[in-house]
Amino acid sequence: MTIREILKMGDPRLLRIAPLVTKFDTDVLHVLITDMLDTMRAANGAGLAAPQIGVDAQLVIFGTDTVNPRYPDAPVVPRTVLINPVITALDAEIENGWEGCLSVPGMRGVVPRHARIRYTGFDQYGDPIDRTVDGFHARVVQHECDHLIGKLYPMRMTDFTQFGFTEVLFPGLDALDDD
């Protein structure tokens, strides 16, 4: 079990565009995914992108097997390894929702996201993934995939009056955001 350091907002490595993964089902890829899962679990994250731990690769993981303590009112999202993702909005509907990020610890903000999306890509073995999702699941996927193009959620925000410290906005959740 290896817990990797999660880069924080301000680190220039978070602003890079990650290259595509070209080799699947390798020992290096499996170790990276295991480390990412361990790191995400240790931080109570809903997801984690490879660039957040300093690895330039189009790879995200997300989901939990139970309710996530950082998002106690959100539905369970199936644990997924998604490589070389492509996101397609299914309609013009945009939903605003609160987000946090392991790379922006202790803060939350309201972010507009597509309400319904289709995402495609591959798992660690190179098998195709093709899902249509909405709600929190769609939000998590879009948030994590933004890391692959050098975007953090504050860059997507449109109303900074809805941005602040978790301990102020959501008393009780602040201890969980202290990564």
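Conventions used here
- Residues numbered from 1 in each chain as written.
- Predicted model: local features only at pLDDT ≥ 70, side-chain atom pairs only at ≥ 80, totals over all residues.
- Heavy atoms only, no water.
- Buried < 20%, exposed > 50% of the residue type's maximum accessible area, 1.4 Å probe, protein only.
- Helix = DSSP H or I, 4+ residues; strand = E, 2+ residues; numbered from the N terminus.
- Pairing = 2+ DSSP bridges.
- Axes fitted to C-alpha atoms, helices over the stretch in contact; angles between N-to-C directions.
- Contact = heavy atoms within 4.5 Å.

Asks: Which parts of the structure should I look at to understand the pairing of strand β5 (residues 104–114)?
Replies: Remember that side chains alternate between the two faces of the sheet whenever the strand is regular. In terms of burial, β5 is largely enclosed, as 8 of its 11 residues are buried. Bridge count for strand β4 (residues 94–101) against β5 is 7 bridges, and the pairing is antiparallel. Looking at the pairing, Glu95 lines up with Arg113 of β5. The hairpin formed by β4 and β5 contains 2 residues between the paired strands. Bridge count for β5 against strand β8 (residues 163–165) is 3 bridges, and the pairing is antiparallel. Directly across from Met107, in β8, lies its bridge partner Phe165.

Asks: Help me understand the sheet that holds strand β3 (residues 80–89), please; the structure alone is not making it clear to me.
Replies: Strand pairs in the sheet, formed through backbone hydrogen bonds, run parallel or antiparallel to each other. As summarised here, the arrangement of the 5 strands in space is β1-β2-β3-β6-β7, forming an open sheet in which the pairing is antiparallel. Each having just a single partner strand, β1 (47–49) and β7 (128–134) make up the two edges of the open sheet. Adjacent strand axes in the sheet meet at a mean angle of 35 degrees, parallel and antiparallel pairs treated alike. Bridge analysis of β1 against strand β2 (residues 59–62) gives 3 bridges, and the strand direction is antiparallel. The partner of Ala49 across the bridge, within β2, is Val60. Against the sheet, helix α1 (residues 27–42) touches β1, β2 and β3, its axis set at about 40 degrees to β2. Helix α2 (residues 135–146) rests against β1, β2, β3, β6 (116–122) and β7 of the sheet, and its axis sits at about 150 degrees to β2.

That is the geometry; function is a separate question.
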